[in-house]
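Here is how the chains run, residue by residue.
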Amino acid sequence: MTSMNRRAVLVGLASTLLRSVGHAQKPPGGPVRIGWLSALSEPDPFLDAFRDGLRALGYVEGRNLILERRYANGSVETLQAHATELAGANVALIVTSLTAVRGARAINDIPVVFIISGDPVEAGMVKSLARPGGNLTGSTFLSLEVAGKRVELLKQALPRLRTLAVLSNTDHPGESSERHATEAAVQRLGMSVVYVAFSQSPFGVSAELDKAVETVRRAQPDAMIVFPEGATMRNRTALAVFAAAQRLPTMFGWSDYVEAGGLMSYGASQRAMHARLAVFADKILKGARPADLPVEQPTQFELVINMKTAKALGLAIPETFVLRADEVIE
């Protein structure tokens, strides 16, 4: 099944399920109810970050806030069942974390605050970043400037770098733009690129990714960049193990990959971005329409290096580079 067909199936299933969802309103005089719909499982550090953001704005569970939490554990069927439950829970809005936004994007009237690694315009979720135009708004991690910066940082850390593999999920909205920005940076630095694509939906098995990783192994590049998105995020530990076995330096987009054993990452903090979703929720609860709330892109980024991994790979990363890191894992 093609990438577009998989998206259509997911959206169609979610549309059928969620068309009956009516507009939920804040119970008079009672605590507000916010739905948290995730494709992942617990424990959930992203929910903790969102809670922190809400707490900073005066929302405290058990006092003026009820969080209706639902986890799909990677199952479309479970996601649909949980969405039905949220529809009956009279929530004022729904927050979708990472890949769950694909399952919740067809909600009719309930405001949705999303966070997505890709391009919400290309995904058909909003009309534009500045004017979403519907009942969805939120944040995207996608930044084409950051895509090029990752290449530059990897080259600075590994001056002898000549051939770079790029592992990319084509089932990721905005992937082509991210690829072009990355390849332009590679060309600008006089290197060659091995583009390795795979297509895997957020709820798919890892067979496609396994084939792509084998292609990388056969190509024997000097290093690898992995675009941040749901499929590689779920398989971050396996990717770190693969890179270690191949003695392959790897750059990722989020620190979560590095905490799982990857070499380094450069991108926005997932925790900070999820905490920021509370600002959207607060504005909507106070009467703002999602259609009028611009989708935000990150403005602050962090460089994280796993020196334990660097030593295991036998890398001598320049000390001046390490000193630039926002976090160093020993």
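Refer to the preceding data block for the structure.
My aim in this report is to walk through the structure given alongside it, one point at a time.

Rules used in this analysis
- Along every chain, residues carry numbers that run from 1 in the direction the sequence is written.
- Note on the predicted model: pLDDT of at least 70 is required for a residue's local features to be given, and 80 or more for side-chain atom pairs to be given and counted; whole-chain, interface and lining totals, by contrast, use all residues.
- Computation of side-chain values covers all heavy atoms of the structure but excludes hydrogens and water.
- Per the convention used, a helix needs a DSSP run of H or I reaching at least four residues, while a strand needs a run of E reaching at least two, with both numbered from the N terminus.
- Residue count minus one, scaled by 1.5 Å, sets the expected span of a helix.
- Buried residues are those whose accessible area, probed at 1.4 Å on protein chains only, stays under 20% of the maximum for their type, while exposed residues exceed 50% and partly exposed ones sit between those limits.
- Arc definition: it is the arc formed by the directions from the helix axis to the C-beta atoms.
- Of the grid points, spaced at 1 Å and generated over the protein atoms alone, those admitting a 1.4 Å probe that cannot get out make up cavities, while open sets with protein on both sides within 12 Å along at least five of seven lines make up pockets; any residue with an atom within 4 Å of a point is treated as lining.
- Grid points are joined across faces, edges and corners, and a volume is the space filled by probe spheres set on the points.
- Charged means Asp, Glu, Lys or Arg here, nonpolar means Ala, Val, Leu, Ile, Met, Phe, Trp, Tyr, Cys or Pro, and polar covers whatever is left, Gly included.
- Here, a strand pair is defined by DSSP locating no fewer than two bridges between the strands.
- For every element, the axis is a line fit to its C-alpha atoms; helices are fit only across the contacting stretch, and the angle between N-to-C directions ranges from 0 to 180 degrees.
- Note on contacts: a residue pair is in contact if any heavy atoms of the two residues lie within 4.5 Å.

### Focus: unusual backbone geometry
Across residues other than glycine, the phi torsion is negative in most instances, and most of the peptide bonds are trans.
At step 1: The omega angle of the peptide bond from glutamate 42 to proline 43 is 0 degrees, so this bond is cis rather than trans.
At step 2: Positionally, proline 43 belongs in the loop between β1 (32–38) and α2 (45–56).
At step 3: A positive phi is found at asparagine 90, a non-glycine position, where the angle reads about 55 degrees.
At step 4: Mapping asparagine 90 onto the fold places it in the loop between α3 (76–87) and β3 (93–97).
At step 5: Positive phi is not limited to glycine here, since glutamine 220 has a value of about 50 degrees.
At step 6: With respect to the helices and strands, glutamine 220 occurs in the loop between α7 (207–219) and β8 (223–226).

### Some points on α7
At step 1: Its 13 residues give α7 an end-to-end C-alpha distance of 19 Å, which sits within 8% of 18 Å, the value for a rise of 1.5 Å per residue.
At step 2: For α7, the full list of buried residues reads Leu209, Ala212, Val213 and Val216. Down the axis of α7, the sector holding all buried residues measures 100 degrees, keeping them to one side. Exposed residues on α7 whose side chains face more than 90 degrees from its buried face are Lys211 and Arg218.
At step 3: Trailing α7 by a residue or two, glutamine 220 shows a phi angle of about 50 degrees, which is positive.

### Concerning empty space enclosed by the protein
At step 1: A full pass over the atoms with the stated rule returns four cavities of 30 Å³ or more.
At step 2: Taken as a whole, the second largest cavity encloses approximately 100 Å³ of empty space.
At step 3: What lines the second largest cavity is a set of 14 residues, among which Phe141, Leu142, Ser143, Arg150 and Pro228 lie closest to the centre.
At step 4: In terms of residue class, the lining of the second largest cavity is built from eight nonpolar, four polar and two charged.

### Description of the pairing of β8
At step 1: Burial of β8 is two-sided: the residues Ala223 and Ile225 facing one way and the residues Met224 and Val226 facing the other way are all buried.
At step 2: Here strand β6 (residues 163–169) pairs with β8 via four bridges, running parallel. Looking across to β8, one finds that alanine 165 is bridged to methionine 224.

### Here's the deal with the sheet that holds β8
At step 1: On the basis of which strands lie adjacent, the open sheet formed by seven strands has the order β7-β6-β8-β9-β10-β11-β12 and mixed pairing. Strands at the two margins of the open sheet, each flanked by one partner only, are β7 (192–198) and β12 (327–329). Neighbour-to-neighbour, the strand axes of the sheet open up by a mean angle of 20 degrees, direction not taken into account.
At step 2: Running at roughly 160 degrees to β7, α7 makes contact with β6, β7 and β8 of the sheet.

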